[in-house]
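Report on the structure
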Amino acid sequence: MLGGMNPSIGIVTLNAKFIHSSLSLRYLRNAARRAGFENVWIREFIIQQPVWKIAADILKQKPDILGLSVYIWNRRQSLELLEILQKQNPKLKIVLGGPEVSFESELPDGYTLIAGEGENKWVEYLNITSKGEKPSLEVLKRWNTYGNDLPDLHPPYIDEDYPQLQNRYAYIEASRGCPYLCSFCLSALDKKVRYFDDADIRRQIECLIENGTRKIKFVDRTFNLQPKRVMSLMQWLTQFDGTEFHFEVVGDLLNDDMMRFLATVPQGMFQFEIGIQTTTEEVQTAVHRKQSNTKLFKTIQTLIQQDRVHLHCDLIFGLPGETLDELMESFTEVLKLKPHELQLGFLKFLPGAPIRDKIESHEYRYLSFPPYELLSHKNLSAEEVRFLKQFAEVFDLFYNSKRFQFSLDHLFRSRSPVDVFKQLMDALEKENRVLNALSLDHQYRIFAETFDLDTDPLAWDLLQLDFLFHQRSYRLPGFMTARLASNGSARSKTWDGDRKSMVVPFRHTLEWQGPEPKLSPAPSPVYYAVAHAEANTGYMSRPRIERVEA
């Protein structure tokens with residue numbers, strides 16, 4: 001028998017960042033222990049660590065069996081790790097799982113592959129292997145099939161986990177599966193939605209928070225499928241002041257009761273991720289996406305006006321049949337809603353995703369290695385995709401960074417959003433800055449020069465406010481300070497409230513209407529200090545604006 005009656009069983013993965021954690025390792029560890037295997041341990045590494053050091057750490061544990069969880073972000077490092085482990089310890093039995101290897105068409109020699117949800121298959125493997133036996137070809141084929149052998153759902157965390165998750169993201173599920181069939185998503189293969197026990201979820205969250213976890217992300221593909229259940233859970237979560245919760249929701253399923261409740265939640269405690277993907281109805285149909293744009297947009301507008309929930313929306317560039325003009329139209333429609341963040345993603349041909357059936361008919365070209373990203377299709381040229389990549393990068397720098405929120409809102413009143421970001425692209429090109437990082441001061445200078453903001457007192461005040469409001473800074477950029485000095489209005493003074501925040505003159509008085517400032521012309525300079533708390537609190541942490549008498 002392998003390792004006697006108590007083989008050493010390790011389960012490892014490589015996370016993208018240290019603050020991330022892995023649910024899958026904990027599910028698999030718990031399943032093995034419930035099946036009677038006692039010596040089961042997990043290790044989490046990050047992709048930035050040298051792979052040889054990761055291998056050395058694993059082999060130091062003297063494993064008999066090793067499970068390796070492979071994802072799109074760690075595939076290269078995982079396969080390098082696999083080769084090192086196989087060659088340094090040929091007797092080690094290695095099992096691969098995770099979405100990045102769940103759809104391999106052939107089984108390479110030297111390891112066993114488990115596809116899809118792995119708890120039951122993993123335990124079956126351990127039972128067979130611990131007896132010194134080998135799985136049959138029929139069993140191997142079943143393990144290599146997605147969507148079968150679905151396990152009963154058990155909570156992922158045990159006592160030994162909680163201290164390790166202090167100051168890290170903790171992930172949790174209220175459900176598994178997705179009823180939608182969007183062809184670009186692997187969740188289209190999960191036709192059955194199953195739910196975790198509510199009491200287990202709440203008990204785990206209490207333990208996480210008691211042990212110092214402050215960011216909890218629900219990874220349900222569609223968190224709000226059962227509105228009453230979800231609202232009860234979220235009402236319960238509101239007691240945990242200082243903790244942030246992230247949910248992926250379907251916007252057009254948020255009913256009136258839920259919207260009334262969301263108007264009462266603590267500001268910045270919850271973040272919703274809403275996948276819009278495209279507003280072109282023909283394209284929605286082509287990828288089997290059911291979505292009411294009218295209801296969805298109304299919901300997003302209401303959430304923004306309520307100013308309680310942080311809103312992250314997604315668009316996907318490169319869906320079948322969508323032209324550049326249609327993409328830009330989708331982008332403009334969604335941006336008008338003023339989401340706090342708008343992620344501009346590119347279609348990925350994930351192994352196993354149904355969208356791969358459209359490769360030939362739409363003449364898709366895409367990367368053959370992770371992230372399997374679109375390069376062109378018959379309605380979107382390679383040159384247009386290159387333009388969109390640069391556009392998305394500039395958009396992240398100037399919009400998703402939140403550094404220019406007030407200034408951009410002002411510009412959008414007289415310019416189309418597409419033109420605004422094109423002008424910024426051109427400005428970066430002229431300075432040969434496309435490939436080089438920009439300092440914070442340089443970003444603001446380029447923005448001011450691109451739109452001649454020094455000729456517009458309102459626009460200039462908004463830019464000053466943006467700088468002071470959106471980062472913890474106790475000074476203005478040099479070009480702003482120089483302008484104040486040339487106007488004879490610069491003052492070297494800090495606010496008495498914290499003796500750090502700079503007192504700055506404005507040509508307008510500042511008032512707040514919900515999340516947005518209202519500026520009114522003033523006959524003489526008005527002085528304000530923008531004071532930040534020592535630490536951010538929640539997704540929508542905002543500073544104090546203090547008027548200082550001259």
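Presented here is an overview of the structure given in this document. (Residues numbered from 1 in each chain as written. Predicted model: local features only at pLDDT ≥ 70, side-chain atom pairs only at ≥ 80, totals over all residues. Heavy atoms only, no water.)

**Things to note about helix 14 (residues 417–430)**
- Relative to the 20 Å expected for 14 residues at 1.5 Å per residue, helix 14 spans 20 Å between its end C-alpha atoms, a close match to the ideal helical length.
- Every buried residue of helix 14 is accounted for by Pro 417, Val 418, Val 420, Phe 421, Leu 424, Met 425, Ala 427 and Leu 428.
- One or two residues past the end of helix 14 sits Asn 432, with phi positive at roughly 55°. (Helix = DSSP H or I, 4+ residues; strand = E, 2+ residues; numbered from the N terminus. Expected span 1.5 Å × (residues − 1). Buried < 20%, exposed > 50% of the residue type's maximum accessible area, 1.4 Å probe, protein only.)

**Focus on the packing of aromatic side chains**
- All chains considered together, the criterion is met by 36 aromatic pairs.
- Plain terms: the ring middles of Phe 223 and Phe 247 are 4.5 Å apart, the flat faces sit at 35° to each other, and that makes the pair tilted. Of this pair, Phe 223 sits in the loop between strand 9 (215–218) and helix 7 (227–237) while Phe 247 sits in strand 10 (residues 244–249), and the two are 24 residues apart along the sequence.
- By relative accessible area, which is 0% here, Phe 247 ends up buried.
- An aromatic cluster is built from Phe 331, Phe 387, Phe 391, Phe 395, Tyr 399, Phe 412 and Phe 421, whose rings are joined through pairwise contacts.
- The side chain of Lys 389 reaches across the aromatic face of Phe 346, ending 4.6 Å from its centre.
- For Arg 483, the ring lying beneath its charged end belongs to Trp 460, and the centroid distance is 4.3 Å. (Phe/Tyr/Trp six-rings, centres within 6.5 Å; stacked < 30°, edge-to-face > 60°. Lys NZ or Arg CZ within 6 Å of the ring centre and 35° of its normal.)

**Some thoughts on the nonpolar core**
- One finds Ile 205, Phe 218, Phe 245, Phe 272, Phe 331 and Phe 421 to be the most contacted residues of the largest nonpolar core, which totals 119 residues.
- Discounting residues that sit within four places of it in the chain, Phe 331 has contacts with Leu 315, Leu 342, Leu 344, Phe 391, Phe 395, Pro 417, Val 418 and Phe 421.
- Membership of the second largest hydrophobic core comes to 21 residues, among which are Leu 14, Leu 82, Leu 85 and Ile 94. (Core = buried A, V, L, I, M, F, W, Y, C linked by side-chain atoms within 4.5 Å. Contact = heavy atoms within 4.5 Å.)

**Considerations on the packing of helix 11 (residues 324–335) against helix 12 (residues 382–400)**
- Running from N to C, helix 11 and helix 12 point in directions that differ by 15°, and their axes come no closer than 12 Å. As the angle between them shows, helix 11 and helix 12 are arranged roughly parallel. Along this stretch, helix 11 crosses helix 12, giving a crossing that reads as right-handed. On helix 12, the residues that touch Leu 324, Leu 327, Met 328, Phe 331 and Leu 335 of helix 11 are Glu 384, Phe 387, Leu 388, Phe 391, Phe 395 and Tyr 399. (Axes fitted to C-alpha atoms, helices over the stretch in contact; angles between N-to-C directions. Parallel < 35°, antiparallel > 145°, perpendicular 65-115°, else oblique. Left-handed = near helix turned anticlockwise from the far one by under 90°.)

**Digging into the packing of helix 2 (residues 51–60) against helix 3 (residues 75–88)**
- Two elements in contact, helix 2 and helix 3, have axes separated by 9 Å at closest approach and are oriented at 50°. What the angle tells us is that helix 2 and helix 3 run oblique. Our pair here, helix 2 against helix 3, has a crossing hand that is right-handed. Only Gln 77, Glu 80, Leu 81, Ile 84, Leu 85 and Gln 88 of helix 3 make contact with helix 2, whose side of the interface consists of Val 51, Trp 52, Ile 54, Ala 55, Ile 58 and Leu 59.
- Across the contact of helix 2 with helix 3, the residue classes break down as nine nonpolar, two polar and one charged. (Nonpolar A, V, L, I, M, F, W, Y, C, P; charged D, E, K, R; others polar.)

So yeah, pure geometry; function would need other evidence.
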